[in-house]
Amino acid sequence: MNNILKWQKVKNYNEMSRIAAKLIFNTIIKNLKIKNKINIGLATGNTMLKVYRNLADMFNNSGTNLSGMATYNLDEYVDNEGNNIYINHNLSYALYMKNNFFSLLNPNLEFKFSNIFFPDAINPEKYDTDIADAGNLDFQLLGIGFNGHIAFNEPLPADSISIEKFKALPSRIVELNELTIKTNAKLTAGNNLLKVPQKAVTMGMATILKAEKILLLACFPEQTIPLQMIKKNMISPEIPASCLLQHKNSIIIYTSDKITLTEK
Ligand code: GLP
């Protein structure tokens, strides 16, 4: 397959956040205009903080009616009992989304909180069928882990799984790898490894790759290594984000000026 992955290098984090928010805004407006609805896949992480602030500002200023927007988040941590962690857990991605995006939207826009979806650890694969039944994702926003993961699809050794099987992985519960726990402890838990749950429920590769359009954002120097491998057109389960090389409509917007500390 031809390499149709697009790349856009930007000056800094602020520019990345502005351009990304505009692209997401335009995609949402276009879908709402054409079919009165959009299914959008959303990501958490430090990378997205300013993107969401900009996006909320754009919607609030434009007064767009958001009653046709459904959001599907990529992942959530799972506790020792095998349930999604509660929204009052300070690392909860549901809490992150509420604080950093949903609550910023003016209620006049009529975005329905009942249209917010997360994978559920009790029945992860239902997420794939629910999304397929809803008509699949029109757009997916992605960050990238320092080890190249997307959502919580962690790298797997190339001799343990073929790329085709990797690309077909369903939504499921995963054990987080050591680097992910360390990174997330540093970025979100005051460097305390014990505060980061060891499991998560993630949207699978298959549903991500079925999205009509994918935007991946990167802004940390630590993400340069996986990005360089993808630039060399290396597709491997060892760098999950490299699967975008075989997606029909993906773009990576990147810079590397953000420091690896929580920034509110
Ligand atoms: C977590 C999430 C990913 C996210 C990654 C990067 O591991 N599961 O979906 O892309 O963090 O986060 P950050 O933006 O903080 O670098």
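Scroll up to find the structure this text is about.
Residues numbered from 1 in each chain as written. Predicted model: local features only at pLDDT ≥ 70, side-chain atom pairs only at ≥ 80, totals over all residues. Heavy atoms only, no water.

(A) Looking closely at the site of the ligand. For the ligand, the set of nearby residues contains 14 residues, the closest of which are N46, T47, D75, H149 and F152. At a separation of 3.3 Å, a nitrogen atom of the ligand approaches a polar backbone atom of A151. Protein chains bury 97% of the 390 Å² of accessible surface belonging to the ligand in isolation. According to the grid-proximity analysis, the pocket containing the ligand is the largest pocket. Among the residues making up the shell around the ligand, the classes are represented as six nonpolar, seven polar and one charged. (Near = heavy atom within 4 Å. Polar contact = N/O pair within 3.5 Å; in protein donor to acceptor, adjacent residues only side chain to side chain. Areas by Shrake-Rupley, 256 points an atom, 1.4 Å probe, with all protein chains shown as cover. 1 Å grid on protein atoms, 1.4 Å probe; cavity = no way out; pocket = protein on both sides within 12 Å on 5 of 7 lines; lining within 4 Å. Sits in = over half its atoms within 2 Å of the grid points. Nonpolar A, V, L, I, M, F, W, Y, C, P; charged D, E, K, R; others polar.)

(B) Just the sheet that holds strand β4 (residues 75-78), in detail. If you walk across this open sheet you meet the three strands as β4-β8-β7, and the pairing is antiparallel. Each end of this open sheet is capped by a strand with a single partner; those strands are β4 and β7 (172-175). Strand-to-strand twist of the sheet, defined as the mean angle between neighbouring strand axes without regard to direction, takes the value 30°. Bridge count for β4 against strand β8 (residues 199-202) is four bridges, and the pairing is antiparallel. Counterpart to D75 in the pairing with β8 is T202. (Pairing = 2+ DSSP bridges. Helix = DSSP H or I, 4+ residues; strand = E, 2+ residues; numbered from the N terminus. Axes fitted to C-alpha atoms, helices over the stretch in contact; angles between N-to-C directions.)

(C) Broad picture of the sheet that holds strand β6 (residues 139-142). Across the sheet, seven strands lie side by side as β1-β10-β9-β6-β2-β3-β5; this open sheet has parallel pairing. Every interior strand has two partners, whereas the edge strands, β1 (6-9) and β5 (116-117), have only one. Here strand β2 (residues 38-42) pairs with strand β3 (residues 69-73) via five bridges, running parallel. Across the sheet, the residue bridging to L42 is N73, located in β3.

(D) View of the pattern of salt bridges. Inspection of the entire model under this criterion finds five salt bridges. In this structure, E15 and K11 form a salt bridge, with 3.5 Å as the shortest nitrogen-oxygen distance. By relative accessible area, which is 63% here, K11 ends up exposed. Between E212 and K248 there is a salt bridge, with its nearest N and O atoms 3.4 Å apart. Remark: K248 occurs in the loop between α8 (224-231) and β10 (250-254) and E212 occurs in the loop between α7 (205-209) and β9 (214-218); sequence separation between them is 36 residues. (Salt bridge = Lys/Arg side-chain N within 4 Å of Asp/Glu carboxyl O. Buried < 20%, exposed > 50% of the residue type's maximum accessible area, 1.4 Å probe, protein only.)

(E) Local environment of the layout of surface pockets. Space inside the largest pocket adds up to approximately 680 Å³. In terms of lining, the largest pocket is formed by 36 residues, of which the most central are T44, G45, N46, Y93 and T188. Of all the secondary structure elements, the ones that give two or more residues to the lining of the largest pocket are β4, α3 (93-100) and α6 (178-188). Among the residues forming the lining of the largest pocket, the class breakdown is 16 nonpolar, 18 polar and two charged. (Points joined across faces, edges and corners; volume = space filled by probe spheres on them.)

(F) The packing of helix α2 (residues 49-62) against α3, seen in detail. Contact pair α2 / α3: the axes reach a minimum separation of 10 Å and the direction vectors enclose 40°. What the angle tells us is that α2 and α3 run oblique. Residues L49, Y52 and R53 of α2 touch α3, and the partners they reach there are Y96, M97 and N100. Grouping the constituent residues of the contact of α2 with α3 by class yields four nonpolar, one polar and one charged. (Parallel < 35°, antiparallel > 145°, perpendicular 65-115°, else oblique. Contact = heavy atoms within 4.5 Å.)

(G) Examining α2 more closely. Compared with an ideal rise of 1.5 Å per residue, which puts 14 residues at 20 Å, α2 spans 20 Å between its outermost C-alpha atoms and is within 8% of the ideal. Every buried residue of α2 is listed here: L49, V51, Y52, N54, L55, A56, M58 and F59. Against the buried residues of α2 lie α1 (13-35), β2, α3, β6 and β9. Just downstream of α2 lies G63, where phi reads positive at about 70°. (Expected span 1.5 Å × (residues − 1).)

(H) Geometry of the side chain of T255. With respect to the secondary-structure elements, T255 resides in the segment after β10. Within polar-contact distance, the side chain of T255 engages the side chain of D257 at 3.3 Å. Beyond its immediate stretch of four places on either side in the chain, T255 contacts V10, K11, N12, Y13, M16, A218, C219 and F220.

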